[in-house]
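Coordinate inspection notes
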Amino acid sequence: METLKPINPEILHYTSNNLKIYSKSCSIYIETLQALTRIKLPKSIYDLFSFSRILRRLLRIDKCNVFLIKVNPIELIIIRRGIVYKYQIISGLIKTLELKNCRNILHVDLCRLPNGDLVFGEYGSNNDRKSVPIYLSKDSGLSWDIIYEFPENSIKHIHVIKYDKWLDTIWCCTGDNDGENKIVIFDKFFSILEEIGDGSQYYRTCDLFFTKTNVVWLMDSPNVISHVVNYNRKTKKINIGQELAGPVWYTTKVEDNLYLAATSVEPGYSMKHKTAQLMASKDLINWEIVKSYKKDCYPIDLFKYGVIAFPLGDLYLSSFFYFGEALIKLDGKIDKINLTNVFR
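Residues numbered from 1 in each chain as written. Predicted model: local features only at pLDDT ≥ 70, side-chain atom pairs only at ≥ 80, totals over all residues. Heavy atoms only, no water.

Quick word on the layout of surface pockets
- Quantified by volume, the largest pocket comes out at close to 1,100 Å³.
- As for the largest pocket, its lining consists of 31 residues, of which Val108, Lys162, Asp207, Thr252 and Leu312 are closest to the centre.
- Elements with a contribution of two residues or more to the lining of the largest pocket: β6 (65-70), β10 (111-112), β14 (157-164), β18 (209-210), β22 (248-254) and β27 (312-313).
- For the lining of the largest pocket, the residue count by class is 20 nonpolar, four polar and seven charged.
- Size it by volume and the second largest pocket reaches roughly 850 Å³.
- A class-by-class count of the residues in the lining of the second largest pocket yields ten nonpolar, ten polar and twelve charged. (1 Å grid on protein atoms, 1.4 Å probe; cavity = no way out; pocket = protein on both sides within 12 Å on 5 of 7 lines; lining within 4 Å. Points joined across faces, edges and corners; volume = space filled by probe spheres on them. Helix = DSSP H or I, 4+ residues; strand = E, 2+ residues; numbered from the N terminus. Nonpolar A, V, L, I, M, F, W, Y, C, P; charged D, E, K, R; others polar.)

Some thoughts on the side chain of serine 23
- Among the structural elements, serine 23 can be located in strand β3 (residues 19-24).
- Within the local environment of serine 23, its side chain forms a polar contact with the side chain of histidine 13, the two groups lying 2.7 Å apart.
- If we ignore the near neighbours within four places in the chain, the residues touching serine 23 are Pro9, Glu10, Ile11, His13, Ile28, Tyr29 and Cys64. (Polar contact = N/O pair within 3.5 Å; in protein donor to acceptor, adjacent residues only side chain to side chain. Contact = heavy atoms within 4.5 Å.)

Some words on the sheet that holds strand β29 (residues 333-337)
- An order of β26-β28-β29 is seen for the three strands of this open sheet, with the pairing classed as antiparallel. Looking at strand neighbours, the two that pair on one side only are β26 (307-309) and β29, the edges of this open sheet. With strand direction ignored, the average angle separating the axes of adjacent strands in the sheet is 35°.
- Two elements, β26 and strand β28 (residues 320-325), share three bridges in a ladder whose sense is antiparallel. Considered in β28, the bridge of alanine 309 is made with phenylalanine 323. (Pairing = 2+ DSSP bridges. Axes fitted to C-alpha atoms, helices over the stretch in contact; angles between N-to-C directions.)

Some points on the nonpolar core
- Judged by nonpolar contacts, the single largest core of 34 residues is most densely connected at Leu260, Ile308, Phe310, Phe320, Tyr322 and Leu339.
- Secondary-structure elements contributing two or more residues to this core are β2 (11-15), β22, β23 (258-263), β24 (275-281), β26 and β28.
- Looking at this core element by element, the count peaks at four residues for β28.
- When residues no more than four places from it in sequence are discounted, the contact partners of leucine 260 are Tyr250, Thr251, Thr252, Val254, Met279, Ala280, Trp287, Phe310, Phe320 and Leu339.
- One finds Ile28, Ile30, Ile78 and Tyr85 within the second-largest nonpolar core, a separate group that totals 17 residues. (Core = buried A, V, L, I, M, F, W, Y, C linked by side-chain atoms within 4.5 Å. Buried < 20%, exposed > 50% of the residue type's maximum accessible area, 1.4 Å probe, protein only.)

Comments concerning the pattern of salt bridges
- Applying the stated criterion across every chain, the model contains 22 salt bridges.
- In this structure, the salt-bridge partner of lysine 236 is glutamate 194, at a minimum N-O distance of 3.4 Å. Linking lysine 236 in the loop between β20 (227-232) and β21 (238-243) with glutamate 194 in strand β17 (residues 192-199), this pair joins segments that are 42 residues apart in sequence.
- With a relative accessible area of 26%, glutamate 194 lands in the partly exposed category. (Salt bridge = Lys/Arg side-chain N within 4 Å of Asp/Glu carboxyl O.)

Some points on the side chain of threonine 169
- Mapping threonine 169 onto the fold places it in strand β15 (residues 169-175).
- Since its relative accessible area comes to 7%, threonine 169 is described here as buried.
- Here tryptophan 171 takes part through its side chain, which lies 3.0 Å from a polar atom of the side chain of threonine 169.
- Aside from chain neighbours lying at most four places away, what touches threonine 169 is Lys162, Tyr163, Asp164, Ile185, Phe186 and Leu193.

Right under this line is the structure:
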């Protein structure tokens, strides 16, 4: 660990007024009002090529997850190249888990349950359709157990696990092919209570918004046109809403009154316009485009899809931070936008 000025950080993992956590390649930076600290992760042979942004994209060297578990003193869960680490100031970096089928998970997909337990599921290519585990930690990430495992040939991977405060349940979204798009509801012991949907692309999503009467999601499907989907808790039926310009990976809420989402550019119908769109909504049903970024010129299969992503933490309308990859003027960069005048 050392104090150092970072050079062009690529991913913003967490932000607040007093703390920012970002990364580039195998280095993680913790910025407070008092200091800037660098954590060096173990290197692999691939990191020899980390001097080039385009090689970092090709070899997926830039991929890294960082989740803030405790602020004072700072504790982190870090995932890079299939290894899960726990970081504490006193003990430093400790390897706690080796993943079975994936390198990383999506940027916001570590779930903290009301009792403090941490849970996440594997997200990877899994072309052989091996079993896919859900991991749970009862000691803030020092150790992990498989609490549930989807059997072989049932799903490709897990998109997100989220806690539903209205029913005190745990929801898990999986993908990707028809028949694999499951929304599974677990109780607190990870026994299945219910499985929603027919496995079609309408139930393929990377995030969920819970209200007392409804659950809303934005489809993540390059195979068909994605839409906003509104699930009625009482009738258990879905209503297909607004059409989207591409699949949606990341969504978030800013302060108390604005929801954000971003479409991606990947092989499929979104290649018709080749733009990733930052969208905003006040009611989860009607979404308005705030900003668009064009896909860059590098081949999409080798050098990544065009994606806009959001950090965790305290998000503010006046200075909303986001980051992206494979997009013109946003590839490997962090940017911010003032959202105070949206819908006014």
